[in-house]
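# Working through the structure, step by step
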Amino acid sequence: GAGYAVCLVAESTNGVLLAAEATGGGGADPEEVGAAAASQLMEEVAQGGAIDAAHQPLALLLMAFGAQDVSRLRTGPLSPAAVSLLRGLDTFLGVRCHMTTEPADGSVLVSCRGVGFSNAAKSVI
């Protein structure tokens, strides 16, 4: 049946966008769905960092496949999906990331050297 979904985005004073979403099935109270999304967004803001938990794996993947240079990302505590991806990057690409936790706010600075992947099928003009 029908249900409700909401996606909330917060922008920090330095332009960082953090997002949270919640869904509710048929019969769900829309106010509760909205309150759940707002609560999740507030948690993302409180955790600090430049990216929300849902998008950590994507950012880490782009860092790993990026230029053969060091990339850095400040995030909140790593999500289970991000930890799993980091293990896979180490296993399959040999990319190891260095993580440092900031004691003041609990944010994590992740740095790694990309593999320098380039699309061989891309035409060069």
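Residues numbered from 1 in each chain as written. Predicted model: local features only at pLDDT ≥ 70, side-chain atom pairs only at ≥ 80, totals over all residues. Heavy atoms only, no water.

So, on to the side chain of Asp52. Turning to its location among the elements, Asp52 is positioned in the loop between helix 1 (30-47) and helix 2 (56-65). Buried within the structure, Asp52 lacks any salt-bridge partner; Arg74 is the closest side chain of opposite charge, at an N-O distance of 16 Å. Within the structure, the side chain of Asp52 is placed 3.0 Å from the backbone nitrogen of Ala19, a separation counted as a polar contact. Non-local contacts of Asp52, meaning those with residues more than four positions away in its chain, are made with Leu17, Leu18, Ala19 and Glu44. (Helix = DSSP H or I, 4+ residues; strand = E, 2+ residues; numbered from the N terminus. Buried < 20%, exposed > 50% of the residue type's maximum accessible area, 1.4 Å probe, protein only. Lys, Arg positive; Asp, Glu negative; His and termini not counted. Salt bridge = Lys/Arg side-chain N within 4 Å of Asp/Glu carboxyl O. Polar contact = N/O pair within 3.5 Å; in protein donor to acceptor, adjacent residues only side chain to side chain. Contact = heavy atoms within 4.5 Å.)

A few words now on the sheet that holds strand 4 (residues 98-101). As summarised here, the arrangement of the three strands in space is 3-5-4, forming an open sheet in which the pairing is antiparallel. The open sheet is flanked by strand 3 (70-75) and strand 4, the only strands paired with a single partner. The sheet shows a mean angle of 15° between the axes of neighbouring strands, direction not considered. Bridging between strand 3 and strand 5 (residues 108-113) involves six bridges; their strand directions are antiparallel. By the bridge assignment, Leu73 is partnered in strand 5 with Val110. Relative to the sheet, helix 2 contacts strand 3 and strand 5, its axis offset from that of strand 3 by approximately 170°. (Pairing = 2+ DSSP bridges. Axes fitted to C-alpha atoms, helices over the stretch in contact; angles between N-to-C directions.)

Interpretation in functional terms is not warranted from these geometric data alone.
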